[in-house]
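Notes for the structure review
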Amino acid sequence: SVVPADIPYVQDFEGAPDLDEWDNRITETATPLTTFLGRFSDDDAGREGSTLYVNTTVGVNYTVLVDAYIIDSWNSEELRISIDGTEEFASAFFEGDSFTEDIDDLIELYQEMVFENWGTSRSLDAVYRHIRVDFTATQAVTEIAFTNNLDQPYDSDESLGIDNVRVVETADVAEYLPRFRGYTIQTGFTTTTATDLNYAASMCWGDLDADGDLDAIITGDAWSRRVLNNGGSSFTIGKLSTGQMIRQAALLDIDNDGDLDYWGSPTYYTERLCENNGSATFTDAGALGYANPNNNEGIAAADVDADGWCDVLVFSENGNWIGHSDGGSPVGLTGTNDSSYGLNDAGDYGNGDYCSSADVNGDGYLDFFYHYGGGKLFISNGDGTYAQNNYGISVNTGNNDKMGSAWGDFDNDGDMDLWVGDNRSGQPGTLWRNDRNWGAGAGNFTNVASAAGLTDTSQHRGCAWGDMDNDGDLDLYVATTGTWANNLLYENQGDGTFVEVAVAEYANAPGDSHDAVWVDYDNDGDMDVAVTQEDNVATLLRNTTDNGNYLKVRVLGAGGGRTNKAAIGTRVELWNSAGDTRLQVREIGTARGLGQEPLWVHFGGVNAATTYTVKVIFPGGDDASMQVTPNVVSTTIGATTIPQMLTIDQAALGVRAVRWQETAPF
C-alpha cells in the first residue's frame, strides 16, 4: 500500500528508506551516482516508472525538483512527468548529449558509466539535474508520475534513473535549490586539454582582450587553449600560438605595455613567453634569454626586487630559478639559481611539483611554497633574496603525488594560511594556520585540518579559496582525481570549522579533475567555479547566490620604478569605514593550485550601501587607502560597465608613499 508523504518532501534514496510514498520502490547503487530510484524502462513489466504520492492543499502552488539519469542509448525517447494524470513535462534525449527542453541547469556528461550487473557499456550517458515542474494542487493527495517511452530492456540497453526528488511549496523553493548550476554546455566552455596527470591542465584567468570580462588560458598536453569570454554568455575557444603548454603557468604584463602576457612551459625542459599583441592574439616570443630551468613544474610571477617589472620564478629539478626582468625594450630575462638568493641551498631544490605564493609575513613581498622535500617555504628578505624556513609546515611530497596548495586568510585574522592537498589515496590534506608573530619573531604554523573538519581522504589535486556565499569568509574548493571522483567544497562556518557541501550544492563536478579556480566569469558579483578534467571537457559552475553583498577590486600598477602594471603581488585589504578594523585580505595574481589566482579580487560579506576603507599594499611598500561604498562605484572597461567594482590606478595616486599616515591620495 502507498502512504502519502507530507510536504516539504526531500528524498535522495540513501540509507535504505522505506519509500512507502512510492508505488515502485526499486533502487540501484552505482558509482558515481550513489543510490537512486530505478532503473526504469517502459519495455520491462514492473519497471515502467514510479509514482510519488504527497499530501497537498487545494489551491496552493507547489514545485517538483528532480534529477534524471539518462542511461545508455536513448534515441529521442522521452522522460515524462505527470501531475494527477496530466503530462506537465516531456523531454526527448538522444544518447545523453542533447535534449528538447531549454532548461538552464546542470548537465553532466559521463563517459563509460558502467553499472554493476549491467551487460553493456555505452560511450555517453548523462545526468540531467534539477528538472523543475510547477503545479497548483487540485486534490488533497497529488500523484506525481515519472514515466518514459523507452522500448529496450533496462538491463541491456536503455534505462532511466530518478534521484534527489523534492516537492515543496513554490514560495519556499529557493531554500531547496543548490547554489551552483552547470553552464559548461550552455556557454561553450567545452574544451579538453589534458590526457595525463603528469601534464596538468592548469588555469590562469585575466582580461586578455581588455573588454571587461575575465578570459582564461588552460594548459595541457593535448593543446593549450585561449578561452575568450563573450560577456559571460559564451566562450570562444582557440589555440595559443605555441600550441602545447603544460603544467603551471602565469599571466603577467611582462613588458608593462598594459596587456596581459603568458609565461609557460611547452615541454618539461623549455620555457616560453606568449606575448599579447593587445587584442588577445599571442605571439611566440621565445624564452627571452631565460632558458635555464630543466624539468619545470612550479611557476610563479612576482616582482622580487620591487623595481616595477615582473620577474618569473621557476622551481625545477636543476634549481629554483629567478628570471630577473631587465626592464628593456624589448624586455629580457636573466636567469639565476645562484645560492646567494637563498632558493638553492642543499636540499631546497630538486624534482618537485607545483608552487604557491603569498605575502606570508605581511612585509609587502611575495613568499613561495614549493612542493619538494616535504615542502619548502621561502620567505622574502625584502631585498630580492630569500630565507628557507618552514616554521612547522610539513607535507607529503613526491614525484608521483602531485597536488596543489593555496594561501588564503580563512580565519580573517589578517595573515595568510596554507591549504596543501594530499594526492595519496586515504590521506587527508593539511590546513596550516599562520600562528607566527612575524614582528616578534615567535611562533609557527599549526595544522588545524582535523579540528576544522577538512578530513576527506580523496586524492587531492588543484585547489582554491573563494567566498562562495558572499558571507565574508573564504570557502575551499579541492579538485580530486580518480574515476568519477567527486570534488570537494568546504563551506566556511565562520568559527574555524568547515562543512563539506559539494554534492548538496551541485558543485562536485565528478571526474578525473586537475585544476580548480574561483572566478566571477559573468560579473554578477558571486564566485563561480571552473574545473579542468582529464580526458573530458572542463566544467563551468555558475554561482546563483546573486545577493549583492560584494565588492570587487581591480588594481593597475604604474610600471617601472613603482609596481608592475598587472599589479602581481599587490595586497588588497578591506577595513571598516573608520579604517581601524581589518575585515578581509586578498592578494592579486598569486600562484595557487596548479595555476594562478585571477587578477581581480572579490570581497563578500559587505553591505553594498555601507562605506568601507580599502587599503592597498603595492610590492615594496607603496601604500594607498580610500573609502568606497560598493553600490555607488563601478568600473568601465571598453564597452562593459561592471557594477560594484573599484579600480585603483597607481599612476593616479601621485608620489610614492611608504606608510598609511603619510598619504591621503583619495
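Quantities reported herein were computed from a predicted structural model and do not represent experimental measurements.

Structural notes on the overall build of the chain
If you tally the helices and strands in the chain, you get 2 helices and 50 strands. In summary, the chain has a C-alpha radius of gyration of 26 Å against a globular reference of 26 Å for 666 residues, a match within 12%. The principal-axis extent of the C-alpha atoms belonging to the chain is close to 80 × 50 × 50 Å. Looking at the chain as a whole, 61% of its 666 residues are labelled buried. Sequence separation of 24 or more characterises 58% of the internal contacts of the chain that already satisfy a separation of 6 or more.

Some details on the pattern of salt bridges
Applying the stated criterion across every chain yields a total of 22 salt bridges. With a shortest N-O distance of 3.7 Å, Arg542 and Asp546 are connected by a salt bridge. Classification of Asp546 by relative accessible area gives partly exposed; the value is 42%.

Points about the packing of aromatic side chains
Enumeration over the complete set of coordinates arrives at 24 aromatic pairs. Aromatic side chains Tyr62 and Phe135 sit 5.6 Å apart centroid to centroid with 25 degrees between the ring planes, which places their arrangement in the stacked category. Placement of Tyr62 in strand β5 (residues 61–71) and of Phe135 in strand β9 (residues 125–136) is noted, with a sequence separation of 73 residues between them. The same class applies to Tyr62 and to Phe135, which are both buried. With a centroid separation of 6.3 Å and 85 degrees between ring planes, the pair formed by Trp205 and Phe235 is classed as edge-to-face. Residue Trp205 is found in strand β13 (residues 203–206), and its partner Phe235 is found in strand β16 (residues 235–239); the two are separated by 30 residues along the sequence. With respect to burial, Trp205 and Phe235 carry one shared label: buried.

Brief notes about the sheet that holds β16
The antiparallel open sheet is built from 4 strands, whose spatial order is β13-β14-β15-β16. Edge positions in the sheet fall to β13 and β16, since each has one partner strand and no second. Taking each pair of neighbouring strands and ignoring which way they run, the sheet shows an average axis angle of 20 degrees. The sheet contact formed by strand β14 (residues 215–218) and strand β15 (residues 225–229) spans 3 bridges and is antiparallel.

A closer look at the environment of Gly426
Mapped onto the elements, Gly426 comes out in the loop between β30 (417–420) and β31 (430–434). Judged by its relative accessible area of 40%, Gly426 falls in the partly exposed class. Once the C-alpha coordinates of Gly426 and Ser458 are considered, the two residues, 32 residues apart in sequence, prove to be 6.2 Å apart.

Some remarks on a negative patch on the surface
Taken together, the side chains of Asp42, Asp43, Glu48 and Asp151 present a region of like negative charge at the surface. Mapped onto the elements, Asp43 comes out in the loop between β3 (34–40) and β4 (50–55).

A word on the side chain of Ser380
Within the secondary structure, Ser380 is located in strand β27 (residues 376–380). Note on Ser380: relative accessible area 5%, which makes it buried. For Ser380, the side chain forms a polar contact with the main-chain nitrogen of Gly382, separated by 3.0 Å. Sequence-distant contacts of Ser380, that is, excluding residues within four places in its chain, are made with Asn361, Asp363, Tyr365, Leu366, Asp367, Thr385 and Tyr386.

Some points on the pairing of strand β46 (residues 612–617)
For β46, the tally of buried residues reaches 6 of 6 residues, placing the bulk of the element in the interior. Residues Tyr612, Val614 and Val616 point to one face of β46 and Thr613, Lys615 and Ile617 to the other, with burial holding for every one of them. Bridge count between β46 and strand β47 (residues 623–628): 6 bridges; the pairing is antiparallel. Pairing of Val614 across the sheet is with Met626, part of β47. Between the antiparallel neighbours β46 and β47 lie 5 residues, among them Gly620 with a positive phi of about 90 degrees.

Here we look at the layout of surface pockets
Estimates place the volume of the largest pocket at around 460 Å³. Asp12, Asn164, Val503, Ala504 and Tyr506 are the residues nearest the centre of the largest pocket, which is lined by 24 residues in total. Within the residue set of the lining of the largest pocket, elements represented by two or more residues are β1 (9–11) and β11 (159–169). Per-element accounting of the lining of the largest pocket gives the leading share, 4 residues, to β11. Its boundaries defined by the atoms lining it, the second largest pocket holds a volume of some 340 Å³.

What to know about the state of the cysteines
What the rule picks out here adds up to 0 disulfides. The closest cysteine sulfur to the non-disulfide-bonded Cys204 is located on Cys355, 11 Å from its own sulfur. You can call Cys355 buried: its relative accessible area is 0%.

Observations regarding unusual backbone geometry
Residue Pro8 follows Ile7 across a cis peptide bond; omega there is 10 degrees. For Pro8, the location among the structural elements is in the segment before β1. The backbone of Ala200 shows a phi angle near 55 degrees, a positive value even though the residue is not glycine. By secondary structure assignment, the location of Ala200 is in the loop between α1 (184–187) and β13. A residue is classified by how much of its surface remains accessible, and Ala200, at 0% relative accessible area, is buried. We note that Asp535 has phi near 60 degrees; this positive angle belongs to a residue other than glycine. If you trace the backbone, Asp535 turns up in the loop between β38 (528–533) and β39 (539–543).

Cut-offs applied
Residues numbered from 1 in each chain as written. Predicted model: local features only at pLDDT ≥ 70, side-chain atom pairs only at ≥ 80, totals over all residues. Heavy atoms only, no water. Helix = DSSP H or I, 4+ residues; strand = E, 2+ residues; numbered from the N terminus. Rg over C-alpha atoms; globule rule 2.2 N^0.38 Å. Buried < 20%, exposed > 50% of the residue type's maximum accessible area, 1.4 Å probe, protein only. Contact = heavy atoms within 4.5 Å. Salt bridge = Lys/Arg side-chain N within 4 Å of Asp/Glu carboxyl O. Phe/Tyr/Trp six-rings, centres within 6.5 Å; stacked < 30°, edge-to-face > 60°. Pairing = 2+ DSSP bridges. Axes fitted to C-alpha atoms, helices over the stretch in contact; angles between N-to-C directions. Patch = residues over 30% accessible without salt bridge, like charges linked within 9 Å, V, L, I, M, F, W, Y side chains within 5 Å. Areas by Shrake-Rupley, 256 points an atom, 1.4 Å probe, with all protein chains shown as cover. Lys, Arg positive; Asp, Glu negative; His and termini not counted. Charge placed at Lys NZ, Arg CZ, Asp CG, Glu CD. Polar contact = N/O pair within 3.5 Å; in protein donor to acceptor, adjacent residues only side chain to side chain. 1 Å grid on protein atoms, 1.4 Å probe; cavity = no way out; pocket = protein on both sides within 12 Å on 5 of 7 lines; lining within 4 Å. Points joined across faces, edges and corners; volume = space filled by probe spheres on them. Disulfide = S-S within 2.5 Å.

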